[in-house]
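Chain by chain, the residues:
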Amino acid sequence: MQRAIRILAVVLIVQIGAALALAWRGAGLSAAQPDAALIGADLKEIDRLRIDGPAGGDKPQAASVELVKRDGKWLLPGYFDAPADAAKVDDLLKRLAGAKRGLPVATSASALARFRVADQEYERRIVAARGETTLATVFLGTSSGVRKAHARTAQDQAVYAIELAAYEVRTAPADWLDQSLLMRDAAALAEIAVAAAGKPTLTLRRAQRKEGDQTSSTWEAESGQSVDQAKASALADAIVNLKVDAVLGKEPKPEWRLDQPDLRLTLKDTQGKTSQWSISKAKSGDIHVLKASDQSWYLEIKSWNARPLLEAAVPDKLLAAAAAKS
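Below, the structure is looked at part by part. Note that this is a predicted model, so its numbers are computed, not measured. (Residues numbered from 1 in each chain as written. Predicted model: local features only at pLDDT ≥ 70, side-chain atom pairs only at ≥ 80, totals over all residues. Heavy atoms only, no water.)

We now examine the packing of helix 4 (residues 229-240) against helix 5 (residues 303-312). Direction vectors running N to C along helix 4 and helix 5 enclose 145 degrees, while the axes themselves pass 8 Å from each other. At the point where helix 4 passes helix 5, the crossing takes the left-handed sense. Residues Ala234, Leu235, Ala238 and Ile239 of helix 4 form the contact with helix 5, whose participating residues are Pro308, Leu309 and Ala312. Taken together, the residues that form the contact of helix 4 with helix 5 break down as seven nonpolar, no polar and no charged. (Axes fitted to C-alpha atoms, helices over the stretch in contact; angles between N-to-C directions. Helix = DSSP H or I, 4+ residues; strand = E, 2+ residues; numbered from the N terminus. Left-handed = near helix turned anticlockwise from the far one by under 90°. Contact = heavy atoms within 4.5 Å. Nonpolar A, V, L, I, M, F, W, Y, C, P; charged D, E, K, R; others polar.)

The eight strands lie next to each other as 4-3-2-1-7-8-9-10, forming an open sheet whose pairing is antiparallel. Unpaired on one side and paired on the other, strand 4 (82-83) and strand 10 (160-162) mark the two borders of the sheet. Pairing between strand 1 (residues 48-53) and strand 2 (residues 63-70): six bridges, direction antiparallel. Bridge pairing links leucine 49 to leucine 67 in strand 2. (Pairing = 2+ DSSP bridges.)

Moving on: the sheet that holds strand 12 (residues 202-211). Taken together, eight strands build an open sheet; the order of strands is 13-12-11-15-16-17-18-14 and the sheet is antiparallel. Where the open sheet ends on each side, the last strands, each with one partner, are strand 13 (214-221) and strand 14 (246-249). The average angle at which neighbouring strand axes cross in this sheet is 25 degrees, direction not considered. Pairing of strand 12 with strand 13, which is carried by eight bridges, proceeds in the antiparallel orientation. Within strand 13, the residue paired with glutamine 208 across the bridge is serine 217. Sheet strands touched by helix 4: strand 11 (189-196), strand 12, strand 13, strand 15 (263-269) and strand 16 (274-281). Its angle to strand 11, the strand with the most contacts, is close to 95 degrees. Helix-sheet contacts for helix 5 involve strand 15, strand 16, strand 17 (287-292) and strand 18 (298-302), and the interaxial angle to strand 18 is about 90 degrees.

Okay, structure coming up:
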């Protein structure tokens with residue numbers, strides 16, 4: 001009987017110890033408030049972002065992109081100082097600022113590598129800074145669900161699950177480019193001169209017509225020929241909505257063939273400001289290259305994005321007489 005009592009006492013002590021250990025561990029894991037922000041710093045103050053990854057393990061050498069805010073505008077200094085898409089940057093900062101800690105997924109050093117949020121092994125590392133002062137460093141790792149990832153900050157040893165997937169945070173500069181840098185106000189486009197290869201230049205001017213209380217705009221040819229209004233409008237729409245896919249640099253290359261462009265457009269707005277576009281099909285790749293006289297960059301336009309503009313900018317098709325014959 002005494003032996004049984006001793007055995008039961010030992011079992012009870014072990015159970016009490018285990019319960020205390022679990023309670024201590026649980027207290028440690030839940031020390032942070034579940035609704036506490038992952039990042040304590042105010043991200044509205046930052047003017048510099050760096051995104052690296054992936055890195056460590058069998059991953060290739062980490063790619064990276066840097067974004068810098070100058071005079072209120074986000075730029076890509078390592079990408080010919082091209083303008084960044086402010087909406088994309090703001091969306092990333094908003095999602096980071098709104099990320100909550102929740103309950104930790106793990107706290108051990110081995111877990112950091114397993115979830116790929118270690119200092120040298122991660123899917124993404126996001127560094128937010130103001131000037132030379134780093135305000136926050138966030139590591140994004142493996143997926144924890146749809147559009148979610150395991151994450152931690154540089155100050156933490158705990159791993160959390162937040163609503164921001166690593167694949168959503170791109171490291172290619174072109175993914176952050178402001179694709180609308182050529183776009184303009186459609187109503188401000190007053191004149192289009194179309195010079196296609198081997199064709200005489202056709203100049204279209206927007207004219208205002210008033211019928212009763214209604215004012216409408218039409219396109220008129222400088223030559224006096226009748227203009228197909230639907231096709232002229234399609235050309236104007238293709239111009240003002242043209243998206244840029246990438247920046248190729250600030251110096252021309254022979255393979256871009258811009259010395260003999262397929263198309264030249266001279267655009268004038270209602271303020272008299274003029275811009276000339278030269279567009280050519282590159283010798284290799286399914287791309288067109290565009291140089292605008294009021295931009296310092298040579299721009300890449302994927303052929304499927306350039307097609308609506310090229311198909312609309314055919315002088316013969318823009319004339320109503322030609323449309324009637326077809």
